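Here is how the chains run, residue by residue.
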Amino acid sequence: MGIEIINGAFDVYMAPVDEAYTDLSQTPAGNWAKIGTSGKRHYGEDGVVLTVNQETANHAFAGGTEVLKVSRTLEEMVVSFTLYDLQSPQIVKAWNLATTTTDKAAGSSEGGSQSFDLLRGLTMTSKALLIRGLDKSTDLITENIQIEIPACVQIGSLELVFNKADNVGVKFELQAIADYTYNSGNSPYGRIFIGDAVPA
């Protein structure tokens, strides 16, 4: 009983757009890299939130006040979570989904460092997401759930508060953008997979 109820944290992986997705039964491979050194262990208590918004338009005409038709005019999908892992290879991802920092070696009178620009500029970098819940399947408890989002951009406004009382985290708000090369153009925002059988 209770297999239909999901609880527990999911991990978020990032890769270049067009990276091949790993089957939901296998450990993500290739260029898939967790956001956060330890993934979900460094996500805030709110976990990973998938928000799917829509806008609709009502159609009514001169002959009455009743709504005769409702049209969907916009769909938006956003993945959000807060990362409490500020190691340089991780925090830089919050800035425009960057993956590299500038490495400065230590000298005789100066320390070594990793750095990156705070200004993100006009161009928004897009990445693919793989969101994985291990043993979270609602159809077979030993299998996984996988959400595939072929392209997204970071739209989150960043606020880092440095004080003695609070942990410093960075907010990810990753908005899906349509990718018509994924699944032959049939699923531009991606798909969700729920495992229901072990590999043959």
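It should be noted that the structure appears before, not after, this text.
Once a new chain begins, its residue numbering starts again from 1 and follows that chain's sequence as written. For this predicted model, a pLDDT threshold of at least 70 governs which residues receive local features, and a threshold of 80 or more governs which side-chain atom pairs are given and counted, while totals over whole chains, interfaces and linings are taken from all residues. Side-chain measures here rest on the full set of heavy atoms in the structure, leaving out hydrogens and waters.

Chemist: How would you explain the pattern of salt bridges if you had to name every residue and give the values?
Modeler: Close approach of charged atoms allows side chains of opposite charge to pair. In the sections that follow, a salt bridge refers to a side-chain nitrogen of Lys or Arg positioned within 4 Å of a carboxyl oxygen of Asp or Glu. This structure, assessed with the given rule, holds one salt bridge. Linking Glu110 and Lys104 is a salt bridge whose minimum nitrogen-to-oxygen distance equals 3.3 Å. With a 1.4 Å probe rolled over the protein chains alone, any residue whose accessible area is under 20% of its type maximum counts as buried; one over 50% counts as exposed, and the rest are partly exposed. Classification of Glu110 by relative accessible area gives partly exposed; the value is 41%. Using a relative accessible area of 40% as the deciding quantity, one classes Lys104 as partly exposed.

Chemist: Please set out the packing of aromatic side chains residue by residue, giving values where relevant.
Modeler: Two aromatic rings from Phe, Tyr or Trp, using only the six-membered ring of Trp, form a pair when their centres are within 6.5 Å; if the ring planes differ by under 30 degrees the pair is stacked, by over 60 it is edge-to-face, and anything between is tilted. Throughout the structure, instances matching the rule amount to five aromatic pairs. On the numbers, 5.8 Å between centres and 80° between planes, the contact of Tyr21 with Tyr182 is edge-to-face. With Tyr21 in the loop between strand E1 (11-15) and strand E2 (33-34) and Tyr182 in the loop between strand E9 (170-176) and strand E10 (191-194), the pair connects residues that are 161 residues apart, well separated along the chain. Ring geometry for Tyr43 against Phe81: centres 4.8 Å apart, planes inclined by 40°, an arrangement best described as tilted. Here Phe81 lies in strand E4 (residues 69-83) and Tyr43 lies in the loop between E2 and strand E3 (49-59), a separation of 38 residues in the sequence. The two residues Tyr43 and Phe81 agree in class, both being buried. Through a chain of ring-to-ring contacts, three or more aromatic side chains come together here, namely Tyr21, Trp32 and Tyr182. A run of DSSP states H or I qualifies as a helix once it reaches four residues; a run of E qualifies as a strand once it reaches two. Both are numbered from the N-terminal end.

Take it as geometry only, folks, not as evidence of what the structure does.
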